[in-house]
Amino acid sequence: MTAEANATVFIVDDDQAMRTSLQWLIESTGMSVKTYDSADAFLADYYPGRAGCLLLDVRMPGMSGLELQAYLAREGFRIPVILITGHGDVAMAVRAMKAGAMDFIEKPFHDEDLLRSLRNALDHDQKTRANRLARADIARRLAELTPREHEVMAMVTDGKSNKEIAAALGVSAKTVEAHRARVMEKMRAESLAELVRMALIAAPEALV
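- The name recorded for the protein in an unreviewed UniProt entry is Response regulator transcription factor, from Allochromatium humboldtianum.

1. Some remarks on the UniProt feature "modified residue: 4-aspartylphosphate" (unreviewed entry) in the protein
1) Next: The UniProt entry lists Asp57 under the feature "modified residue: 4-aspartylphosphate" (unreviewed entry), expressed in the numbering used here.
2) Next: Relative to the helices and strands, Asp57 is located in strand β3 (residues 52-57).
3) Next: The class of Asp57 is buried, set by a relative accessible area of 5%.
4) Next: Excluding residues that lie within four positions of it along the chain, Asp57 makes contacts with Val12, Asp13, Asp14, Gly65, Ile84, Thr85 and Lys107.

2. A short note on helix α8 (residues 173-187)
1) Next: A rise of 1.5 Å per residue sets the reference length of α8, with its 15 residues, at 21 Å; its end C-alpha atoms lie 21 Å apart and thus fit the reference within 8%.
2) Next: Regarding α8, the residues found buried are Val176, His179, Val183, Met184 and Met187. Along the axis of α8, the buried residues cluster in a sector spanning 140°; they form a single face. With respect to the buried face of α8, the exposed residues turned more than 90 degrees away are Lys174 and Glu185.
3) Next: Two residues or fewer after α8 comes Arg188, characterised by a positive phi angle close to 55°.

3. A closer look at the sheet that holds strand β4 (residues 81-85)
Paired through backbone hydrogen bonds, the strands of a sheet run either parallel or antiparallel to each other.
1) Next: Read from one edge of the open sheet, five strands run β2-β1-β3-β4-β5, paired in parallel fashion. Edge strands, defined here as strands with exactly one partner in the open sheet, are β2 (32-36) and β5 (103-106). Strand-to-strand twist of the sheet, defined as the mean angle between neighbouring strand axes without regard to direction, takes the value 20°.
2) Next: Helix α5 (residues 111-142) rests against β1 (8-12), β3, β4 and β5 of the sheet, and its axis sits at about 135° to β3.

4. Considering the pattern of salt bridges
1) Next: Evaluation of the coordinates by the stated rule reveals 13 salt bridges.
2) Next: Linking Asp123 and Lys127 is a salt bridge whose minimum nitrogen-to-oxygen distance equals 3.1 Å. In this pair, Asp123 and Lys127 are both assigned in helix α5, four residues apart and thus about one turn of the helix distant.
3) Next: Arg197 is paired through a salt bridge with Glu194; the nearest N and O atoms lie 4.0 Å apart. Here Arg197 and its partner Glu194 are both found in helix α9 (residues 192-201), three residues apart, which amounts to about one turn of the helix.
4) Next: Counted as one network, the salt bridges with shared partners bring together Lys34, Asp45 and Arg50.

5. A closer look at the domain arrangement of the protein
1) Next: According to the domain assignment, the protein contains domain 1 (8-133) and domain 2 (144-207).
2) Next: Computed over C-alpha atoms only, the centres of domain 1 and domain 2 are separated by 43 Å.

6. So, the environment of Lys98
1) Next: Note on placement: Lys98 falls in helix α4 (residues 90-98).
2) Next: Assessed through its relative accessible area of 73%, Lys98 is described here as exposed.
3) Next: Distance in space between the C-alpha atoms of Lys98 and Ser191 is 40 Å, their sequence separation being 93 residues.

7. Topic: the nonpolar core
If you look at soluble globular proteins, the nonpolar side chains tend to sit buried side by side.
1) Next: Ranked by internal contacts, the top residues of the largest apolar core, which has 21 residues, are Phe42, Leu54 and Leu83.
2) Next: Counting residues per element, the ones that place at least two in this core are β1, α2 (39-45), β3, α3 (65-75), β4 and α4.
3) Next: Dropping the residues within four chain positions of it, Phe42 is found in contact with Phe10, Val12, Tyr36, Leu54, Leu68 and Leu72.

8. Let's talk about the packing of aromatic side chains
1) Next: On inspection of all chains with the given rule, the structure shows five aromatic pairs.
2) Next: Centre to centre, the rings of Phe10 and Phe42 are 5.9 Å apart; their planes meet at 65°, and the pair counts as edge-to-face. Within this pair, whereas Phe10 is found in strand β1, its partner Phe42 is found in helix α2, the two being separated by 32 residues in sequence.
3) Next: Owing to a relative accessible area of 0%, Phe10 belongs among the buried residues under this scheme.
4) Next: Ring geometry for Phe42 and Tyr46: centres 5.0 Å apart, planes at 20°, overall stacked.
5) Next: Note on Phe42: relative accessible area 0%, which makes it buried.
6) Next: Among the residues examined, Tyr46 registers a relative accessible area of 9% and is labelled buried.
7) Next: Ring-pair connections join several aromatic residues into one group, and the members of that group are Phe10, Tyr36, Phe42, Tyr46 and Phe77.

Calculation notes
Residues numbered from 1 in each chain as written. Predicted model: local features only at pLDDT ≥ 70, side-chain atom pairs only at ≥ 80, totals over all residues. Heavy atoms only, no water. UniProt positions renumbered as here; feature names shortened; annotations may be inferred. Helix = DSSP H or I, 4+ residues; strand = E, 2+ residues; numbered from the N terminus. Buried < 20%, exposed > 50% of the residue type's maximum accessible area, 1.4 Å probe, protein only. Contact = heavy atoms within 4.5 Å. Expected span 1.5 Å × (residues − 1). Arc of directions from axis to C-beta. Pairing = 2+ DSSP bridges. Axes fitted to C-alpha atoms, helices over the stretch in contact; angles between N-to-C directions. Salt bridge = Lys/Arg side-chain N within 4 Å of Asp/Glu carboxyl O. Domains from an automatic or database assignment. Core = buried A, V, L, I, M, F, W, Y, C linked by side-chain atoms within 4.5 Å. Phe/Tyr/Trp six-rings, centres within 6.5 Å; stacked < 30°, edge-to-face > 60°.

Okay, structure coming up:
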């Protein structure tokens, strides 16, 4: 399944002709589009968690594109943002990128450049979502571990042998083996490599 399959490109631009033109262009490639004439209209309709990306005009009456980008970042809305403007300059581009924009495109632009940027943003959104889901699933499994099992998992995934773990915890190697087996079972890991992968995906503090 492609990144565009269940995603939406949200266009926020006060210029109706530009909204219509962008919608036609993007929908012609099979992507789903929703348009808004202001940042307020977008915020009234959008809810966190929707798959997609945001195509923003920088200069609009009321809340500007840059201000909307900053608001979304403060509120923790993780949606990729592409800024588009006919009045862009280097300082504005740098500010947008530092604030987390995926791209900054100046009018006039080539259609394929915009479409490529949108595909990159949707692909990024899909991967980010998949990673968040994987992290949440692993966090649920980690929550089933006892404090001692957490210790054993941290050492196992750090490359320590059963003998080294036993010495560090002051227990027998057989006890470590038992803890290790329960860790593998609770984490539903088929191999040590898979357990290590889970540890890398999980938030660092989860193994402390």
